[in-house]
Amino acid sequence: MKSVALHNLGCKVNGYEMDVMQQMLQEKGYKIVSFDEPADIYIVNTCTVTNIADRKSRQMLHRAKKQNPHAVVVAVGCYVQTDEAGIEKDRAVDLAIGNNRKKDLVAILENYLQENEGRTERDAETQRRDIIDINHTDEYEELLLKRTAEHTRAYIKIQDGCNQFCSYCIIPYARGRVRSRREEDILREVRGIVAAGYQEIVLTGIHIGSYGLDRGALELLPLLEKLQEIEGLKRIRLGSLEPRIVTEEFARRISGLTKVCPHFHLSLQSGCDSVLKRMNRRYDSGEYLDTTRLLRQYYDNPAITTDVIVGFPQETEEEFRATEAFVRRVNFYEMHIFKYSKRQGTKAAAMEGQITEAEKSRRSAVLIEAGKQMSRAYRAGYIGRKAEALFEDAHEIGGKRYWLGHTPQYIRVAKAAEGAADLHNRLVRGVLKGFLDEEVMLME
């Protein structure tokens, strides 16, 4: 039995695909071991969103070969897709598998092992690459998840690819154009996940608001309405959305779906219109604000979260201050703040007026502090209110043991672990009494 160590880099989509690849390997009899252990085969699911992500992907591949020079090192995914020439020259990589070929991982790997049986060292001719032209395929790569490393929440991939071509983003070149999964395959996977005991799913993809676009119509709402009817499924959580999908009809219809969590992650990137234009985003700050108002019209205090990039090329202090004022005006529950990082091959990387790292760090710190203030204020608004949490696991906080879980708004809560009561994967109602620490609220 050959041992396999896997390591994932990047987004939730990568995580979903890694779970499926591990599942496929286990079903074929491979032994899964930690990436820190000696293994016969190392698989790195790579990321290419920034130059730093490329470097981390290379580092993990070289680390694997260093741990066992005789192991087969497999590079999979986005970095493979965007730098085939670099992969070809990399002596640490034995096998390279691009996007839309992950479903065939086991077959490709076993063919490689058979062809190279008895070899102790790779030469230039023995590296194998299985990479398609991702920008000229309309095939959705069907991967079926039966279980996941998380025990209460399952990520369900519904689409791949992106048609947006933001000026800072390499993803359309790494993942290709929008390709939507068949509705019947999604429903089949979710029914299986629910039968395995999972109560919450998170719909994920590269651009889930475009689900169905390649078939001629946006189909996210009809999909949600069918998921609502699945018996035993208690919660549906949405991944990142573009603000333009939230029309009056969308807000009205989705608010009637009781299983959909009132937690909406709306990509912002900048609150300044001139920066949004340079980013090639498809909305302005006014449209974004209207989106948040619609959600608040149809929901009682929904959790609205976002991503913001600071230090985009040519971003002036005035433009940054406009973003700071805008995020406070929206009053987000949480913000993920990213310092702009060059990605070769994108328009933004060639722009003049690149911002220094020191200035990007200063601006990042300002928004991180603003985010902390808004997050605490949002959660404080729930003190004294009843809430329902799906509990996941138990931890010690301040010398006392608590069960930890999340409300539909994704507020992290703790409930004292009393006696032998097992709250794992249970939905429990209680009153939020206050803050246990900066990250967790106490439920009684």
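Quick summary incoming for the structure in this document. What you are looking at is a predicted structure, and each value in this text was computed from that prediction instead of being measured. (Residues numbered from 1 in each chain as written. Predicted model: local features only at pLDDT ≥ 70, side-chain atom pairs only at ≥ 80, totals over all residues. Heavy atoms only, no water.)

### Thoughts on the environment of Glu 231
Line of reasoning, step 1. Along the chain, the position of Glu 231 falls in the loop between α8 (220–227) and β10 (235–238).
Line of reasoning, step 2. By relative accessible area, Glu 231 is classed as exposed at 75%.
Line of reasoning, step 3. Along the sequence, Glu 231 and Ala 195 sit 36 residues apart, while their C-alpha atoms lie 9.6 Å from each other. (Helix = DSSP H or I, 4+ residues; strand = E, 2+ residues; numbered from the N terminus. Buried < 20%, exposed > 50% of the residue type's maximum accessible area, 1.4 Å probe, protein only.)

### Side note on the pairing of strand β7 (residues 153–160)
In regular strands, side chains alternate between the two faces of the sheet.
Line of reasoning, step 1. The element β7 is largely enclosed, with a buried count of eight among its eight residues.
Line of reasoning, step 2. Here β7 runs beside strand β9 (residues 200–205); their pairing, made up of six bridges, is parallel. Residue Ala 154 lies in a different strand from β9, and its bridge partner there is Ile 201.
Line of reasoning, step 3. Here two bridges tie β7 to strand β8 (residues 179–180), and the two strands are oriented antiparallel to one another. Its bridge partner lying in β8, Gln 159 is registered against Ser 180. (Pairing = 2+ DSSP bridges.)

### Topic: the side chain of Arg 235
Line of reasoning, step 1. Its place among the elements puts Arg 235 in strand β10.
Line of reasoning, step 2. Sequence-distant contacts of Arg 235, that is, excluding residues within four places in its chain, are made with Gln 199, Glu 200, Ile 201, Lys 259, Cys 261, Glu 388, Ala 389, Leu 390, His 406, Thr 407, Pro 408 and Leu 427. (Contact = heavy atoms within 4.5 Å.)

### Some details on helix α9 (residues 248–255)
Line of reasoning, step 1. Considered for burial, the residues of α9 that qualify are Phe 250, Ala 251 and Ile 254. Along the long axis of α9, the arc covered by the buried residues comes to 95 degrees, so they all point the same way.
Line of reasoning, step 2. Looking at the packing, one finds that the buried side of α9 touches α8, β10, β11 (263–265) and α11 (285–298). (Arc of directions from axis to C-beta.)

### Overview of the sheet that holds strand β17 (residues 427–435)
Line of reasoning, step 1. Read around the barrel, five strands follow the order β14-β15-β16-β18-β17 and close on themselves; strand pairing throughout is mixed. Across the sheet, the axes of successive neighbouring strands diverge by a mean angle of 50 degrees, strand direction being ignored.
Line of reasoning, step 2. Pairing of strand β15 (residues 400–406) with strand β16 (residues 412–416) involves five bridges; the strand directions are antiparallel. Its bridge partner being in β16, Gly 405 is matched across the sheet by Val 413. (Axes fitted to C-alpha atoms, helices over the stretch in contact; angles between N-to-C directions.)

So yeah, pure geometry; function would need other evidence.
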